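Examination of the molecular architecture
Given next are the chains, with one letter for each unit.
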Amino acid sequence: METLTKKSASAKRNSDPKPPLKPRRNGVWDRMKQQKYLYLMSLPFVAWVFVFNYLPLWGWTMAFQNYKPARSFGEQDWVGFKHFVELFSDDRFYLVLRNTLAMSLMGLVVGFIVPIFFAILLNEMKGMFFKRAVQTVSYLPHFVSWVVVAGIITKMLSTDGGIINDLLIGLNIIDQPIQFMAKGNLFWYIVTASDMWKETGWNAIIYLAAITGIDQELYEASRVDGANRFRQMWHITLPGIRTTISVLFIMSIGHLISIGFEKQFLLQNSLVLDYSEVLDLYALNYGLNMGRFSYGTAIGIFNSVVSIILLFTANGLFKKFTKESIM
């Protein structure tokens, strides 16, 4: 009887529910404490971004002032949106905006599609030595200054010993040399071709890296099924790098209106000003050269706002239709 009592008491203790465990704390401070070395490593980069990307936003207040360098912030005259009204009332602004969008769109199409196909064709090369040689030669122009590139382009298109004119005359395509650099309707194509030659090899590197991440068993299975190399590129390589293409395309659209001014400034001349001036050059000429700092700041704000709108619009459209996005 005593044995049965002990067994029943032991069974009762075993059947009693165990007290619930205290939930493990996993708050923000706990995660920061666990990853403190990663946060410490990131501090210099956060400081760099803050100093060079966010701190200068204070200068945007100049666009709403009649800024005078000799005055302190409290002594400036506030004029509201006067400079923006003046900007949108200037006919020159719309001409410059046309040039910017035209060269941006041409550069986006050519500078985005050509590196993709160049990377795919380069990946299909079998000779490793030849493949590396072509890749090295193709991205070397990226490291050449635009000053040097502009001199090369100008000399090649010159009417006095320019290789392009000599070639066209030698092939009996033209009778007299063409002044390429003096024709405004050719300036956009010259800038786009120059940029393509300079940046194609460099831009193709990231696509080559993405292609190397594709599972090679997919190519082996396709060869067993009888797919030729063109079918493999179309059905395996391109879908395999679709995410990379989408991300880079979204980022390129975000920079659509901010194309810089170096190549236009170095390749332009007085005969093609109506086709060469872009928004950054417009801000430089009307903002710094003429001492209209507030007007130049208003142009910069317009660039930034339009770039942000384009970025979020492109990201939203890609996220909705292709399920690819950067945020």
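Note that this is a predicted model, so its numbers are computed, not measured.

**Considering the overall build of the chain**
Across its full length, the chain carries 16 helices and two strands. Relative to its length of 327 residues, the chain is extended, with a C-alpha radius of gyration of 30 Å against a globular reference of 20 Å. Projected onto the principal axes, the alpha-carbon positions of the chain cover approximately 125 × 75 × 35 Å. Residue pairs at least 24 apart in sequence account for 65% of intrachain contacts in the chain once pairs closer than 6 positions are excluded. With an accessible surface of roughly 21600 Å², the chain has 66% of that area assigned to carbon and sulfur atoms. A gap of 15 Å separates the mean positions of the 31 positive and 23 negative side-chain charges of the chain.

**Notes on the packing of helix H5 (residues 91-123) against helix H12 (residues 242-254)**
The interhelical angle for the contact between H5 and H12, taken along N-to-C directions, is 160°, at an axis separation of 11 Å. Taken together, H5 and H12 sit at an angle that is classed as roughly antiparallel. Handedness of the H5/H12 crossing: right-handed. Facing H5, whose interface residues are Leu108, Phe112 and Ile116, H12 presents Ile245, Leu248, Phe249, Ser252 and Ile253. Class assignment of the residues belonging to the contact of H5 with H12 gives a composition of seven nonpolar, one polar and no charged.

**Remarks on unusual backbone geometry**
The phi angle at Asn172 is positive, at roughly 60°, despite the residue not being glycine. Among the secondary structure elements, Asn172 is positioned in the loop between helix H8 (163-170) and helix H9 (184-212). Asn172 sits in the exposed class, given a relative accessible area of 66%.

**Details of the packing of helix H6 (residues 128-139) against H9**
Put simply, H6 and H9 touch, their axes get as near as 7 Å, and they point 130° apart. Taken together, the axis directions place H6 and H9 in an arrangement best described as oblique. Contacts from Gln135, Ser138 and Tyr139 of H6 reach H9 at Gly201, Trp202, Ile205 and Leu208. Of the residues belonging to the contact of H6 with H9, the class tally is four nonpolar, three polar and no charged.

**What to know about H9**
Every α-helix winds through 3.6 residues per turn, so residues three or four apart in the chain are directed the same way. With 29 residues, H9 should reach 42 Å at 1.5 Å per residue; the first-to-last C-alpha distance of 43 Å fits that figure. Considering bend angle alone, the principal kink of H9 is centred on Glu199 and spans about 50°.

**Things to note about H12**
For H12, spanning 13 residues, the distance from its first C-alpha to its last is 19 Å, which sits close to the expected 18 Å at 1.5 Å a residue. Buried within H12 are the following residues: Ile245, Ser246, Leu248, Ile250, Ile253 and Gly254. Summarising the contacts, the buried residues of H12 are in contact with H5, H9, helix H11 (229-240) and helix H16 (293-321).

**Digging into the packing of aromatic side chains**
Each aromatic ring pair is characterised by the separation of its centres together with the angle its planes make. Overall, the coordinates contain 23 aromatic pairs when judged by the stated rule. With centroids separated by 5.1 Å and ring planes inclined at 35°, the aromatic side chains of Trp58 and Phe73 adopt a geometry described as tilted. One end of the pair, Trp58, is in the loop between helix H3 (36-54) and strand E1 (65-66); the other, Phe73, is in the loop between E1 and strand E2 (77-78), with 15 residues separating them in the sequence. Its relative accessible area of 56% is what places Trp58 among the exposed residues. When the ring of Tyr67 is compared with that of Phe293, the centres are 6.3 Å apart and the planes differ by 90°; the resulting orientation is edge-to-face. Of this pair, Tyr67 sits in the loop between E1 and E2 while Phe293 sits in helix H16, and the two are 226 residues apart along the sequence. Through a chain of ring-to-ring contacts, three or more aromatic side chains come together here, namely Phe88, Phe93, Tyr94, Tyr282, Tyr286, Tyr295 and Phe302. The ring of Tyr275 is capped by Arg98, whose NZ or CZ atom sits 5.2 Å from the centre of that ring. Lying over the aromatic face of Tyr295, Arg292 brings its terminal NZ or CZ to 4.2 Å of the ring centre.

**Details of a nonpolar patch on the surface**
A contiguous nonpolar surface patch, about 910 Å² in accessible area, is contributed by Trp48, Val49, Phe50, Val51, Phe52, Tyr54, Leu55, Leu57 and Trp60. Considering the arrangement of structural elements, one finds Leu57 in the loop between H3 and E1.

**Some words on the pattern of salt bridges**
Summed over the entire model, instances satisfying the criterion amount to six salt bridges. The shortest N-O distance in the salt bridge between Asp274 and Arg92 comes to 2.9 Å. Taken together, the positions of Asp274 in helix H14 (residues 273-276) and Arg92 in helix H5 put the pair 182 residues apart, joining distant regions of the chain. Among the residues examined, Asp274 registers a relative accessible area of 40% and is labelled partly exposed. Taking the relative accessible area as the measure of exposure, Arg92 reaches 22% and is therefore partly exposed. Linked through salt bridges whose partners overlap, the residues forming this network are Arg92, Asp274 and Glu277.

What counts, and at which threshold
The residue numbering used here restarts from 1 in each chain and proceeds along that chain's sequence as written. It should be noted that, the model being predicted, local features are given only for residues of pLDDT at least 70 and side-chain atom pairs only at 80 or more, the latter also being counted only at that level, while totals for whole chains, interfaces and linings use all residues. For side-chain calculations, the full set of non-hydrogen atoms in the structure is used, while hydrogens and water are omitted. To qualify as a helix, a DSSP run of H or I must reach at least 4 residues; to qualify as a strand, a run of E must reach at least 2; elements of each kind are numbered from the N terminus. Our radius of gyration is a C-alpha quantity, and the globule rule it is checked against amounts to 2.2 Å times the number of residues to the power 0.38. Whether two residues touch is decided by their heavy atoms; if any such pair falls within 4.5 Å, the residues are in contact. Surface accessibility in these figures is a Shrake-Rupley result with a 1.4 Å probe; residues are shielded only by whichever protein chains are displayed. Charge convention: Lys and Arg are scored as positive, Asp and Glu as negative, and His as well as the terminal groups of each chain are ignored. Every charge is mapped to an atom, namely NZ of Lys, CZ of Arg, CG of Asp or CD of Glu. Throughout, an axis means a line fitted to C-alpha atoms (over the contacting stretch in the case of helices), and angles, computed between N-to-C directions, take values from 0 to 180 degrees. Each angle receives one of four descriptions, namely roughly parallel if under 35 degrees, roughly antiparallel if over 145, roughly perpendicular if within 65 to 115, and oblique otherwise. By convention the crossing between two helices is left-handed if the near helix lies anticlockwise of the far one by an angle smaller than a right angle, and right-handed if it lies clockwise. Here the term charged refers only to Asp, Glu, Lys and Arg, the term nonpolar to Ala, Val, Leu, Ile, Met, Phe, Trp, Tyr, Cys and Pro, and the term polar to all other amino acids, Gly among them. Buried means the residue's accessible area, taken with a 1.4 Å probe over protein chains only, is under 20% of the maximum for its type, while exposed means over 50%, and partly exposed covers the values in between. What a helix is expected to span follows from its residue count: subtract one and scale by 1.5 Å. A residue's bend is simply the angle between two axes: one fitted to the seven residues ending at it, one to the seven starting at it. Side-chain rings of Phe, Tyr and Trp, where Trp is taken by its six-membered ring, are said to pair if the distance between their centres is within 6.5 Å; with planes under 30 degrees apart they count as stacked, over 60 as edge-to-face, and otherwise as tilted. In this analysis the charged atom, NZ for Lys or CZ for Arg, is taken to sit over a ring once it is within 6 Å of the ring centre and within 35 degrees of the ring normal. Patch membership is restricted to residues that have no salt bridge and whose relative accessible area is over 30%. Joining uses 9 Å for like charges and 5 Å for the nonpolar side chains Val, Leu, Ile, Met, Phe, Trp and Tyr. By definition, a salt bridge exists where a carboxyl oxygen of Asp or Glu is found within 4 Å of a side-chain nitrogen of Lys or Arg.

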